[in-house]
Every structure is written in structure tokens, then in C-alpha cells.
Amino acid sequence: MALSGVEIFKLLPKTNCKKCGHPTCLAFAMKLAQRQASLDACPDVSEEAKKVLGEASAPPIRPVSFGVGSMSVKMGEETVLFRHEKKFVNPCAVAVEVKDTMEDGEIQEIADGVMHSEIDRVGQKLRIDAILINNASNDSARFEKAVKAVMAEAPDVALILATHNPSAAEAAVKLVADKKPILYGADDSNAEAMASIAKTHKVPLGVSAKGLDALSALTEKMKALGVEDLVIDSGARSAREILEANTLVRRAAIRKNFKSLGYPVITFAQRDDHMLEALVATLGIAKYSSIVVVSSIEKWKNVALFTLRQNIYTDPQVPMQVEQKIYKIGEPAADSPFMITTNFSLTYFIVSGEVENSKVPCRLAVMDSEGLSVLTAWAAGKFTASKIAQFIQESGIENEIKKKELIIPGYVAILSGAIEDKLPGWKVTVGPREANGIPAFLKSR
Ligand code: SF4
């Protein structure tokens, strides 16, 4: 069970030395109880207290990772039920299934699709994270062949090796143990053999059971067998079952600190109807899955899933923003247009994209507005004539350009006179209200 702030306080040195950055041990204890501080911050805590508090302060959902290098996938570590409470930590991975009953060419085509699935959205690179190789044939040799076919095309991709057959599991895991795949398929019937393979090759183990009682009994059994890095599958397959099981798992882990279910969840969304599959996958992303498995990776589906995932896993309390500075788009000359906007990521990427479309080299001043869009920033007093003038003066741009002309967004046309008053010698031009008007505006000048 989680400890209260007072219970934690009793285990701290109680010297109020402030080395942890908090005014008192009690204040630090309260932060620890809310999982907003790390015990490492107190250098004087005793070994015994570390042991008790270490367990109590561990994230209620165990951190587990698979894959290596830049394509490794981190899961778990979540501490809340709802994203408005605190940012969700590790985005749900999307994995595509290949079956070892497919021809090599088909497997390689899917693997190649994974390697080319990257989409750039608001400055982040989004992609399919993993390939699940299903030992549908139940044959070791075919399973190995499928693993080799995937590796030939996508050597760095994170893998999930799915089989209930320990001999096939052993053969496949051996091939790619250095890539730290998840071995999925442990259940009550093969628990000892699968645990032994996972332990020998130091890979996470995916366990499945029918229902949450059986699942928590199985995770306890695996823990007793010495396997701690688990990914859990409650057997839920319909949308309703997935919603119920995932919600109960998350509540049990977060609210009750129920360790037997405190593991990343894998959800199988594969359907013959790809539209329905996309819908079930979105449910998994929205409701607590750490991995969602799909059967195909059409671009339309990827765009929908990645966008949802990105929205859910950004911090709702911190708007996405870009650095305040003057960005050069193309190779602007001293007399190229000079525009200004705010530093809300979406605003920046849309405006800079439209400037690029215009093929007119430009300088784009992006002003820190705490991540607010133009109109919101203006209404909040963060994109005012004085602040714009100060930013322009301090930027040193006057030494770089010939013509002192500043193009402002059409939505804040009202500021043009005030900016000219505060920036002597400058001409302010009102640009279009919407970013999609920028190419025509720039070309017409
Ligand atoms: Fe207390 Fe440790 Fe913080 Fe010092 S560093 S105030 S002993 S919790």
C-alpha cells in the first residue's frame, strides 16, 4: 500500500536541513507521498528507510522497456488516472502483427512499411514502434524464419515474439536476445518454461490469463519465479472488455497500489474490418494500454492513431511551445520580408509551413507568449505592442536587415499603430488573418 505523508515523514532524518530543496522533512515527505519528488534528493536517508520508502515510492506501474537504441520503447511509470492531474509518462506503443504463416515477401513488405511509417507532426517524429511476430504455425523453424525476415528489413525495430510454445520461444529469443524483445505468450500452462527463457535471456515477458483474478495470480507466480519485467494481457478482446479490464487494472494499480496488476498492458486490436480496428486501437490508446497491436499500418490509420496519442501524451498544463528566436526560412536576404508570430508550436509550424509553401525566403520572429496562439496571447496581454517592440529591439535584427518593416498577424491589426509608436523608424504591415493566406500575401508583394 502507498504510505501517507506522515508515515513517510517518520522514516526521514527530521533534521530539516533543506538539502533536498524543501524547507522541511515534512514538506519533502508530502511531496514524496504525492509522487512529486524522488527519494534520491535526500542524501541523509538511512538504508533501512530507503528500503521501505523505495518500495513505497516506486511508480505504481512498473517501468518496463524493450528494444534497444533509438527505437527502444519505454512503458509504464504512470502515476495518475487522468491526464489533467499530471502528464501521462510513456506514450502507448503501436505494434503491427506479422504471422509466420505469411510469405517472406509479405513479412518484409510490412517491416519495410514500419521503417517508413514516420510522420512529422508539430515538430515531433511519430512512427510505428514495434513488430509483433506471431508464431501462428506453432512451428519453431517457421517462427525463426519469420524473425529473420523481419530483421533483414528492419534490423533496429523493437520486437514482440508471440508464441505459447516454449521450444519456438527459445529458438526465436536466442536469435534476437541482444535486441531485448518482449517474449509474449506465457500463461498458466507454460509459466515455468517461459519464465526460464525470459530470465536466461533477460527479456521482458508478456503474460496472458482469462480475467484479472487469474492474471494477478499469474504475475505473482512469475515474480516468485524471478521474472519482474512483465507486460500483462487480461484476455480482453472486445471493445467493452478492453475498456473494463484496462480501467480496472489502472485503478487497482494507481488507487490501491495493487502491485500484482501494476504492469504495462498489451491490447490486441486486430480486426478484419480495418475501420473497426482503428476504433479499438484508439480506445486502447485513450484508455491505458502501453502497447496496441494492429494488423496493418495504412497511412490513414497511422495519422489518426499518432495524432490521438500525441494529444493524450502531451502535458495539458504546459502548452507545446517552440524557442523564442528569429527563424530563417529559406535563405533570406537583407531585404526579405520579416514577420512575427507567437511561440505556440502549432502556430509556429503552420505559419512556417505556409511561408515555405510561398517559396519566398523570410525571417520569422517567434515571440515567447508562453505557448499561446496569437489571439489568446493578445487577449492575455502576452503579445502586446510594448512586448513586441522590446523583443524586436533586443533581438538585434536591426543590424541584419535593410528595410525596417514588420509584418504582423492580421488578427492583431489593432496593434499596428502602437507598435510603430514604440519602434521609431519601423513600418508595420498587417499580414493575413489566417496562415493559409500567407503564400498569396508574400507573392503579391
Ligand atoms: Fe529532511 Fe532529508 Fe530534506 Fe534534509 S534533505 S530536509 S533530512 S528530507
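A brief report on the enclosed structure follows. In this text the structure is predicted, and so the values were computed from the model without any measurement.

Some remarks on the overall build of the protein
Alright, step 1. Per the secondary structure count, the protein includes 16 helices and 17 strands.
Alright, step 2. By principal-axis analysis of the C-alpha atoms, the protein measures approximately 80 × 65 × 35 Å.
Alright, step 3. The buried share among the 445 residues of the protein stands at 49%.
Alright, step 4. Considering only residue pairs separated by 6 or more positions, the protein has 67% of its internal contacts joining residues 24 or more positions apart.
Alright, step 5. Surface exposure of the protein reaches about 20700 Å², of which carbon and sulfur atoms provide 52%.
Alright, step 6. Averaging the positions of the 54 positive and the 54 negative side-chain charges in the protein gives two centres separated by 6 Å.

Some details on the site of the ligand
Alright, step 1. Around the ligand, a shell composed of Pro13, Thr15, Asn16, Cys17, Lys18, Lys19, Cys20, Cys25, Phe28, Cys42 and Pro43 is seen.
Alright, step 2. For the shell around the ligand, a count of residues per class yields seven nonpolar, two polar and two charged.

Quick look at the packing of aromatic side chains
Alright, step 1. What the rule picks out here adds up to five aromatic pairs.
Alright, step 2. Taking 4.7 Å as the distance between ring centres and 40° as the angle between the ring planes, the aromatic pair formed by Tyr327 and Tyr348 counts as tilted. Pair noted here: Tyr327 is in strand S13 (residues 325–329) and Tyr348 is in helix H12 (residues 345–358), with a separation of 21 residues, a long-range link.
Alright, step 3. The interplanar angle of 50° and the centroid separation of 6.0 Å between the aromatic rings of Phe338 and Trp426 together place this pair among those described as tilted. Separated by 88 residues along the polypeptide, Phe338 in strand S14 (residues 338–342) and Trp426 in the loop between helix H15 (416–422) and strand S17 (427–430) bring together distant segments of the chain. As far as burial versus exposure is concerned, Phe338 and Trp426 are alike and both buried.
Alright, step 4. Linked through ring pairs, Tyr327, Tyr348 and Phe349 together constitute an aromatic cluster.

What to know about unusual backbone geometry
Alright, step 1. Residue Lys18 is not a glycine yet carries a positive backbone phi of 75°.
Alright, step 2. Here Lys18 lies in the loop between helix H1 (5–11) and helix H2 (25–33).
Alright, step 3. For Lys18, a relative accessible area of 52% puts it in the exposed group.
Alright, step 4. Positive phi is not limited to glycine here, since Asn138 has a value of about 60°.
Alright, step 5. The residue Asn138 is located in the loop between strand S6 (130–134) and helix H5 (140–153) in this model.

Quick notes on the sheet that holds strand S7 (residues 158–162)
Alright, step 1. In space, the eight strands of this open sheet follow the order S10-S9-S8-S7-S6-S3-S12-S11, with parallel pairing throughout. If you trace the sheet from one side to the other, it starts and ends with strand S10 (230–233) and strand S11 (266–268), each paired once. Averaged over all pairs of adjacent strands, the angle between strand axes in this sheet comes to 25°, irrespective of strand direction.
Alright, step 2. The pairing of S7 with strand S8 (residues 182–186) spans three bridges and is classified as parallel. Each residue of the ladder has a partner; that of Ala162, found in S8, is Tyr184.

A short note on the environment of Arg62
Alright, step 1. Examined against the element boundaries, Arg62 turns out to sit in the loop between helix H3 (47–57) and strand S1 (64–66).
Alright, step 2. For the pair formed by Arg62 and Glu78, sequence separation is 16 residues and the distance between their alpha carbons is 8.2 Å.
Alright, step 3. If near-sequence neighbours (up to four positions away) are discounted, Arg62 is found in contact with Met75, Gly76, Glu77, Glu228, Asp229, Gly262, Tyr263 and Pro264.
Alright, step 4. Separated by 2.9 Å, the side chains of Arg62 and Asp229 make a polar contact.

Looking at helix H8 (residues 212–224)
Alright, step 1. Over its 13 residues, H8 runs 18 Å from end to end, which matches the ideal 18 Å to within 8%, given 1.5 Å per residue.
Alright, step 2. Buried within H8 are the following residues: Leu212, Leu215, Ser216, Leu218, Thr219 and Met222. Along H8, the residues classed as buried sweep out an arc of 160° about the axis, all on the same side. Away from its buried face by more than 90 degrees, H8 exposes Asp213 and Ala224.
Alright, step 3. Residues of H8 that are buried sit in contact with S8, helix H7 (191–201), strand S9 (205–208), S10 and helix H9 (239–255).
Alright, step 4. The positive-phi residue at the C-terminal boundary of H8 is Gly226, with phi of around 95°.

Some thoughts on the packing of helix H6 (residues 166–176) against H7
Alright, step 1. One can describe the packing of H6 onto H7 by two numbers: an axis separation of 10 Å at closest approach and a directional angle of 10°. Taken as axis vectors, H6 and H7 run roughly parallel relative to one another. Across from Pro166, Ala169, Glu170, Val173 and Lys174 in H6, the residues of H7 making contact are Ala193, Met194, Ile197 and His201.

Cut-off values and rules
Residues numbered from 1 in each chain as written. Predicted model: local features only at pLDDT ≥ 70, side-chain atom pairs only at ≥ 80, totals over all residues. Heavy atoms only, no water. Helix = DSSP H or I, 4+ residues; strand = E, 2+ residues; numbered from the N terminus. Buried < 20%, exposed > 50% of the residue type's maximum accessible area, 1.4 Å probe, protein only. Contact = heavy atoms within 4.5 Å. Areas by Shrake-Rupley, 256 points an atom, 1.4 Å probe, with all protein chains shown as cover. Lys, Arg positive; Asp, Glu negative; His and termini not counted. Charge placed at Lys NZ, Arg CZ, Asp CG, Glu CD. Near = heavy atom within 4 Å. Nonpolar A, V, L, I, M, F, W, Y, C, P; charged D, E, K, R; others polar. Phe/Tyr/Trp six-rings, centres within 6.5 Å; stacked < 30°, edge-to-face > 60°. Pairing = 2+ DSSP bridges. Axes fitted to C-alpha atoms, helices over the stretch in contact; angles between N-to-C directions. Polar contact = N/O pair within 3.5 Å; in protein donor to acceptor, adjacent residues only side chain to side chain. Expected span 1.5 Å × (residues − 1). Arc of directions from axis to C-beta. Parallel < 35°, antiparallel > 145°, perpendicular 65-115°, else oblique.

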